[in-house]
Amino acid sequence: MNLTAGICPKCHEYLLLKNNVPFVVCPLCGESISHHEATVLLDNKCSDQANLNDLTADCIALEVQYGPELPYMILSQVVENFPQLESPTYLLTKLTGYDGGAVREYLKRFANLKSQPNNVPWAEDFLDACLNYRNMEFADLFAAYIENKIRPEKQVEYREKLAKLRSEYTFKANNPLSTKTLMILYYVSAVVNVLLLPVFMLLSGWLAPIIGMYYAINIATSILVICAEIGLLYWHHHVFGNRLGMGQSERMAMVVFMSSLVFAIGAAIMGSIWKIPL
């Protein structure tokens with residue numbers, strides 16, 4: 001059953017409440033309380049900026065005592081109400097175990113925002129935990145974060161670490177053939193996917209008098225073609241490695257290719273309906 005966070009109106013402690021249950025018994029004070037009243041109390045507290053320091057301290061204590069679930073829900077409400085505040089956003093990122101999506105969102109919001117190092121005491125802990133090979137797709141954001149958050153005497157250390165990781169991450173992608181080969185794969189695959197429609201129309205016209213399951217053959221062929229194209233992209237990644245950033249033409253080619261995958265699946269169905277007899 002899904003849970004939501006609230007504050008007990010009797011003992012004023014934070015607690016998790018079962019959704020769709022109008023009245024519950026507080027596990028801390030044993031009193032019967034209203035689900036609606038408990039959630040409204042928390043909403044009001046999270047929407048008042050004067051409570052932010054208390055909420056942050058409470059969430060740190062709750063994480064130690066109960067684990068990350070309850071403080072995560074509380075901080076999510078705080079961040080939703082005050083998306084411009086860095087401290088609760090960082091704590092929310094930390095509670096996710098520095099999940100890649102949360103790290104990216106935190107960096108996107110605050111990496112380019114200049115801060116005095118003493119106002120972001122967690123900055124070095126964040127980099128120690130997140131500046132790794134797995135997160136190198138955010139390398140440019142990390143570079144800005146180091147520039148804007150880290151004390152000068154430590155910046156060289158983190159810049160060197162970032163440069164080393166960036167080099168390891170992209171060392172084969174600098175090959176001029178990397179982008180050229182990828183663009184060829186995108187456009188050739190897109191053309192093949194579009195041509196599948198007339199191929200399936202002809203194939204259906206030829207197979208329909210022979211076998212009743214010709215539509216299954218079309219669908220299986222479409223899936224095999226898509227798997228082959230994805231396999232070629234995997235081969236490209238294996239040969240040329242990871243990439244940072246994407247040009248406009250490459251982005252357009254990728255969108256065309258992704259759209260053609262949907263067309264390829266539809267082609268198997270429509271090509272089975274619109275037959276061209278041979």
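Residues numbered from 1 in each chain as written. Predicted model: local features only at pLDDT ≥ 70, side-chain atom pairs only at ≥ 80, totals over all residues. Heavy atoms only, no water.

Remarks on the overall build of the protein
Reasoning step 1: Across its full length, the protein holds eleven helices and four strands.
Reasoning step 2: The globule rule puts the C-alpha radius of gyration for 278 residues at 19 Å, and the 27 Å found for the protein is more than 25% above it.
Reasoning step 3: The C-alpha extent of the protein, read off along each of the three principal axes, is 80 × 55 × 25 Å.
Reasoning step 4: The burial tally for the protein puts 40% of its 278 residues in the buried class.
Reasoning step 5: At a minimum sequence separation of 6, the contacts of the protein that also span at least 24 residues come to 64%.
Reasoning step 6: Here the protein displays about 15500 Å² of accessible surface, and carbon together with sulfur accounts for 62% of that area. (Helix = DSSP H or I, 4+ residues; strand = E, 2+ residues; numbered from the N terminus. Rg over C-alpha atoms; globule rule 2.2 N^0.38 Å. Buried < 20%, exposed > 50% of the residue type's maximum accessible area, 1.4 Å probe, protein only. Contact = heavy atoms within 4.5 Å. Areas by Shrake-Rupley, 256 points an atom, 1.4 Å probe, with all protein chains shown as cover.)

Regarding unusual backbone geometry
Reasoning step 1: Residues other than glycine seldom take positive phi values, yet Asn20 does so here, at roughly 65°.
Reasoning step 2: Here Asn20 is to be found in the loop between strand E2 (14-18) and strand E3 (23-25).
Reasoning step 3: Of note in the backbone geometry, Tyr98 takes a positive phi value of approximately 55° without being a glycine.
Reasoning step 4: Judged by relative accessible area, Tyr98 falls into the buried class, the value being 13%.

Some details on a nonpolar patch on the surface
Reasoning step 1: On the surface, Trp206, Ile210, Ile211, Met213, Tyr215, Ile217, Ile219, Ile223, Ile265, Ile269, Ile273 and Trp274 cluster together into a nonpolar patch covering about 1200 Å² of accessible area.
Reasoning step 2: Mapped onto the nonpolar patch, the elements with two or more residues apiece are helix H10 (214-240) and helix H11 (248-273).
Reasoning step 3: The element contributing the most residues to the nonpolar patch is H10, with four residues.
Reasoning step 4: Along the chain, the position of Trp206 falls in helix H9 (residues 176-207).
Reasoning step 5: By relative accessible area, which is 47% here, Trp206 ends up partly exposed. (Patch = residues over 30% accessible without salt bridge, like charges linked within 9 Å, V, L, I, M, F, W, Y side chains within 5 Å. Salt bridge = Lys/Arg side-chain N within 4 Å of Asp/Glu carboxyl O.)

Describing the pairing of E2
Reasoning step 1: Summarising the sheet, strand E1 (residues 3-7) and E2 pair through five bridges and their orientation is antiparallel. Bridging across to E2, Ala5 finds its partner in Leu16.
Reasoning step 2: Between E1 and E2, which pair antiparallel and follow one another directly, the connecting turn spans six residues, one of which, His12, has a positive phi of 60°. (Pairing = 2+ DSSP bridges.)

Considering the nonpolar core
Reasoning step 1: With 45 residues, the main nonpolar core has Ile74, Phe126, Leu127, Leu131, Phe142 and Tyr145 as its most contacted residues.
Reasoning step 2: It is helix H3 (residues 69-81) that provides the largest number of residues to this core, a total of six residues.
Reasoning step 3: If sequence neighbours within four positions are ignored, Phe142 has contacts with Val103, Leu107, Phe126, Leu127, Cys130, Leu131, Asn135, Met136 and Leu162.
Reasoning step 4: With 15 residues, the next largest nonpolar core counts Leu197, Val225, Ala267 and Ala268 among its residues. (Core = buried A, V, L, I, M, F, W, Y, C linked by side-chain atoms within 4.5 Å.)

What to know about the packing of aromatic side chains
Geometry of an aromatic ring pair is reported as the spacing of the ring centres plus the angle between the planes.
Reasoning step 1: All told, the structure shown has twelve aromatic pairs when counted by the stated rule.
Reasoning step 2: Geometrically, the ring pair formed by Tyr186 and Phe257 is tilted, given 5.6 Å between the ring centres and 35° between the ring planes. Taken together, the residues span a long stretch of sequence, with Tyr186 in helix H9 and Phe257 in helix H11 at a distance of 71 residues.
Reasoning step 3: Residue class for Tyr186 comes out buried when judged on its relative accessible area of 8%.
Reasoning step 4: When its relative accessible area of 2% is taken as the criterion, Phe257 is described as buried.
Reasoning step 5: Grouping aromatic residues by their ring pairs yields a cluster made of Tyr90, Tyr98, Tyr106, Phe110, Trp122, Phe126, Phe142 and Tyr145. (Phe/Tyr/Trp six-rings, centres within 6.5 Å; stacked < 30°, edge-to-face > 60°.)

Quick word on the side chain of Ser189
Reasoning step 1: Following the sequence through the fold, Ser189 ends up in helix H9.
Reasoning step 2: On the basis of relative accessible area, Ser189 is assigned to the buried category, the value being 7%.
Reasoning step 3: Apart from residues lying up to four places away in sequence, Ser189 is in contact with Ile184, Glu229, Phe257 and Ser260.

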